[in-house]
Structure formats: structure tokens, C-alpha cells
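Listed here are the chains, written in short residue letters.
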Amino acid sequence: MKALQVTAHGRPGEVLAVRTIERPEPGPGEVRVEVGAASLNFNDIDRCRGKLVSVPTPPPFTLGMDVCGTVDAAGEGAEHWVGRRVVAITKTALGGIAEYAIAPAVSVFDAPAQLDDAEAAAFVLTFQASHLALFRRGRLRAGETLVVHSAASGLGTAGIQLGKAAGARVVAVAGGPVKGALCASLGADLVVDHLSEDFVESILTATDDVGADVVYDLSGGDFTERSWRCTARGGRYLAVGFADDDANGMTGRPLRMACLGNIDIVCVMLGWAESVDPGMRRFGFNPFGRDVADEVHADLLRMVAEGKVRPFIGRRVAMDEAGAALDEHEERRSLGRTVVEIVR
């Protein structure tokens, strides 16, 4: 089969190549998906550069975390998925940008019938993560103020839509007028251009110095402590995901400044599992199980069917265009989700 592989560590556009490799076989509790489309993620850049030290993977390996397609084979215990059109998060979050990919059954879900393969691939990770963050972890309620950082990204555009669907007042923080216009078109009540405005001052002014009830931080870095300053007393600052760099990753950030505001720091990671390897548990890995995953996905399927949410795709690319597309992601020149369509 054809697959997009990281051939060495470096800039995505320089190290990614389409190669022919062996078609994988599913093991117990796994399915094989005949992939129609797969999304690009910012963590793919870290994987290319060899920076994702929490999950070290020596080249060559195949990129791809979230896919849509049809299950064509399954291991023991997952046979009921065969023949069904699904969305899935791949095994070890790799291998998805290929003609066939393996996924653990715990991370396989029915694809929304209203979405094509590219839209469904763009939907699964962004909306599941945003739903988990905003509602189960962030306890967002109607009438509250939600701030979404990196609001023009795939997760950000999902966060705007879910916030509006919940009846929240949504403040979108994004860089530049083009990204701001996208956020406004998705329903954001206030758009803050962090390239020309101090988002702390803008949020405090818009809330009469009360601050935001929930801050959905997809940026980290120097946004972190500044966000704490404009979170309401008793508000929830959501730290979502991570990247392995000094400002935003495994090195963490000092918490003393957070104490001044009497705010909640709430941590969020999307990753479904029914059991956790003891070594990974001692590393800190502690995901939710399939019961929570099913609740999240069922609610999202309802919202898609009712027309309340829809993933925003900024660009559809072929497999051999993915490296250049990731370079644009790294340069912050992408909008919404970029999806790789698998053409046979």
C-alpha cells in the first residue's frame, strides 16, 4: 500500500515521502480501516522533527492520527466493525495517512452520515477533544463567557461552534484579519486579534473586569500566564494537549501566578482506553474509557444531524502535498483543518 512516511527527522516538507510499504494486519481488539481521508495535526510537525519525546518514534514511520474510511478487516473481539464506515483515532496516533490504517476498537466510532470522508476525518479528533474539554472538564454552561485561543485552528473552530451551541458568549482570539473573519463567520461574539491587541485587556474590558468563565487554551507558551490574568474567579482555565518545547510542553509552567486569581486549572487529553499499561500510568497517562467516549460521540452525532456544528476544512490535499501543507501549519498560515484525501 502507499503511505506517507517520515524518512528522517527534519522539516516536514523535506523529510516526508510517499512510499510503498506492507499492508498492516489487525491484532486482537483492532480494526483495519480502508482510509478515505486523514487529517493533519500540529503534533505531526513535532513527530517529523523528532521533538515528541513522550512518544519517541525512530524513522521511518507513517504519519496520521485521525481517519475516516471503511473497516475491511478486524481482529478478535472487533469483528462487528467490519463493513462499517467509521472515524477512528489510529494505533499510537500513527499510521493514518495511508491506504490502510490500524486502530484500536476503543477509538473507533460510526462516521456521521451527513459528512463526507474529509469532513468526517476533520471532525473526529477536533470535536471529541473540544467536547470533552468544554463540557465534561470545563463544565461550560449557557450564559457563561468562553475564550477560545488559536480560534481559527481545527480545534478552535470546533470550540467556537460547541460554545455557541451551548449558549455561551464566545470570545475568539486569533492572529490577523483573515482568521478573525473566519471566527466571526462561525458565530464568535467578539474577535480579538492578538497580533494587534492585548487579549488580556480586551477580555477584561468586554467582561467588566470579571474575566472569562472558561478559557480554552490551544496555544500555551506565553499565552498561559496571561490567560490566568483574565480568567474569572472560580473560572476554569483548560490546558489542552501539549507540545514538547520549553515554553509549552513536558517542562511545565510555574503555578504561583495562578494562585492569585483563585482559578481552576483543568487539564485535558483526548485518548480513549479501557486499560493502561502500568509504565504509561506511572508516566501520568490516565485517559477516559469507552463509556465517556460513547457519551461524547453520541452528543456530537446529534449536533451534526441537527446542523448545529460542522468541521471547517481550510484545505484538501493529496498525500504528496502533505509535507508542504505541514510547513504552512508551522508558519501559522493555515485555517481550520487540513485533510489528506487518499486517492487510489
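Scroll up to find the structure this text is about.
Residues numbered from 1 in each chain as written. Predicted model: local features only at pLDDT ≥ 70, side-chain atom pairs only at ≥ 80, totals over all residues. Heavy atoms only, no water.

**Focus: the packing of helix α2 (residues 42–49) against helix α11 (residues 322–330)**
To describe two helices that pack against each other, one gives the angle between their axes and the distance between the axes. Running from amino to carboxyl end, α2 crosses α11 at an angle of 105°, the nearest separation of the two axes being 9 Å. The pairing of α2 with α11 is recorded here as roughly perpendicular in orientation. Residue-level inspection shows F42, D44, I45 and R49 of α2 in contact with α11, the latter providing L326, H329 and E330. Among the residues making up the contact of α2 with α11, the classes are represented as 3 nonpolar, 1 polar and 3 charged. (Axes fitted to C-alpha atoms, helices over the stretch in contact; angles between N-to-C directions. Helix = DSSP H or I, 4+ residues; strand = E, 2+ residues; numbered from the N terminus. Parallel < 35°, antiparallel > 145°, perpendicular 65-115°, else oblique. Contact = heavy atoms within 4.5 Å. Nonpolar A, V, L, I, M, F, W, Y, C, P; charged D, E, K, R; others polar.)

**Some details on the state of the cysteines**
Applying the stated rule across the entire model yields 0 disulfides. Of all cysteine sulfurs, the one in C267 lies closest to C259, which takes part in no disulfide; the gap is 14 Å. For C259, a relative accessible area of 48% corresponds to the partly exposed category. (Disulfide = S-S within 2.5 Å. Buried < 20%, exposed > 50% of the residue type's maximum accessible area, 1.4 Å probe, protein only.)

**So, helix α5 (residues 177–185)**
Turning to α5, its buried residues number three or more, namely K179, G180, L182 and C183. Take α5 and look down its axis: the buried residues cluster within an arc of 160°, on one side only. Residues of α5 that are exposed and angled more than 90 degrees away from the buried face: P177, V178 and S185. Packing partners of the buried residues in α5 comprise α4 (154–165), β10 (169–174) and β11 (190–193). (Arc of directions from axis to C-beta.)

**Brief notes about the pattern of salt bridges**
Counting across every chain of the model gives 27 salt bridges. The salt bridge partner of R11 is D327, with a shortest N-O separation of 3.4 Å. One end of the pair, R11, is in the loop between β1 (2–6) and α1 (12–15); the other, D327, is in helix α11, with 316 residues separating them in the sequence. R11 sits in the partly exposed class, given a relative accessible area of 27%. Overall, the relative accessible area of 10% leaves D327 in the buried class. A salt bridge links E306 to R302, with the shortest nitrogen-to-oxygen separation between them at 3.0 Å. Relative accessible area serves as the criterion here: at 45%, E306 is assigned to the partly exposed category. The exposure class assigned to R302 is partly exposed, which follows from its relative accessible area of 35%. A single salt-bridge network, built from bridges that share partners, covers R11, R315, D327, E328, E331 and R333. (Salt bridge = Lys/Arg side-chain N within 4 Å of Asp/Glu carboxyl O.)

**Considering the side chain of H149**
Relative to the helices and strands, H149 resides in the loop between β9 (145–148) and α4. On the basis of relative accessible area, H149 is assigned to the buried category, the value being 0%. A distance of 2.8 Å separates a polar atom in the side chain of H149 from a polar atom in the side chain of S227. What H149 contacts, discounting residues up to four positions off in sequence, is V173, F199, V215, Y216, D217, L218, S219, F223 and S227. (Polar contact = N/O pair within 3.5 Å; in protein donor to acceptor, adjacent residues only side chain to side chain.)

**Details of the sheet that holds β1**
Pairing is antiparallel across the open sheet formed by 3 strands, whose spatial order is β2-β1-β4. On the outer flanks of this sheet lie β2 (16–20) and β4 (61–62), each paired with one strand and no other. Direction of pairing for β1 relative to β2: antiparallel, over a ladder of 5 bridges. By the bridge assignment for β2, A3 is matched with R19. (Pairing = 2+ DSSP bridges.)

**Remarks on the sheet that holds strand β13 (residues 231–240)**
Strands sit in the order β11-β10-β9-β12-β13-β14 across an open sheet of 6 strands; the sheet is parallel. Of all strands in the sheet, those bounded by a partner on one side alone are β11 and β14 (264–268). On average, each strand axis in the sheet is tilted by 20° relative to the strand beside it, whichever way the strands run.

**Some details on the layout of surface pockets**
Estimated volume of the second largest pocket: approximately 150 Å³. Contributing to the lining of the second largest pocket are 13 residues, with M1, P24, G95, Y100 and I102 lying nearest its centre. Here the lining of the second largest pocket takes 3 residues from strand β7 (residues 100–104), the largest share from any one element. Taken together, the residues that form the lining of the second largest pocket break down as 7 nonpolar, 3 polar and 3 charged. (1 Å grid on protein atoms, 1.4 Å probe; cavity = no way out; pocket = protein on both sides within 12 Å on 5 of 7 lines; lining within 4 Å. Points joined across faces, edges and corners; volume = space filled by probe spheres on them.)

**Brief notes about the environment of E295**
In this fold, E295 is placed in helix α10 (residues 290–305). Assessed through its relative accessible area of 49%, E295 is described here as partly exposed. The spatial distance from the C-alpha of E295 to the C-alpha of V82 is 22 Å, given a sequence separation of 213 residues. Within polar-contact distance, the side chain of E295 engages the side chain of R136 at 2.8 Å.

**What to know about the environment of L146**
Assignment of secondary structure puts L146 in strand β9. Discounting chain neighbours no more than four positions away, the residues touching L146 are L134, L140, G159, G163, A168, R169, V170, V171, V214 and Y216.

**A look at the packing of aromatic side chains**
A complete count under the given rule lists 3 aromatic pairs for this structure. With centroids separated by 5.0 Å and ring planes inclined at 40°, the aromatic side chains of F199 and F223 adopt a geometry described as tilted. Placement of F199 in helix α6 (residues 199–206) and of F223 in helix α7 (residues 223–229) is noted, with a sequence separation of 24 residues between them. Assigned by exposure class, F199 and F223 land together as buried. For R136, the ring lying beneath its charged end belongs to F288, and the centroid distance is 5.8 Å. Positioned above the aromatic ring of F223, the side-chain terminus of R226 is 5.6 Å from the ring centre. (Phe/Tyr/Trp six-rings, centres within 6.5 Å; stacked < 30°, edge-to-face > 60°. Lys NZ or Arg CZ within 6 Å of the ring centre and 35° of its normal.)

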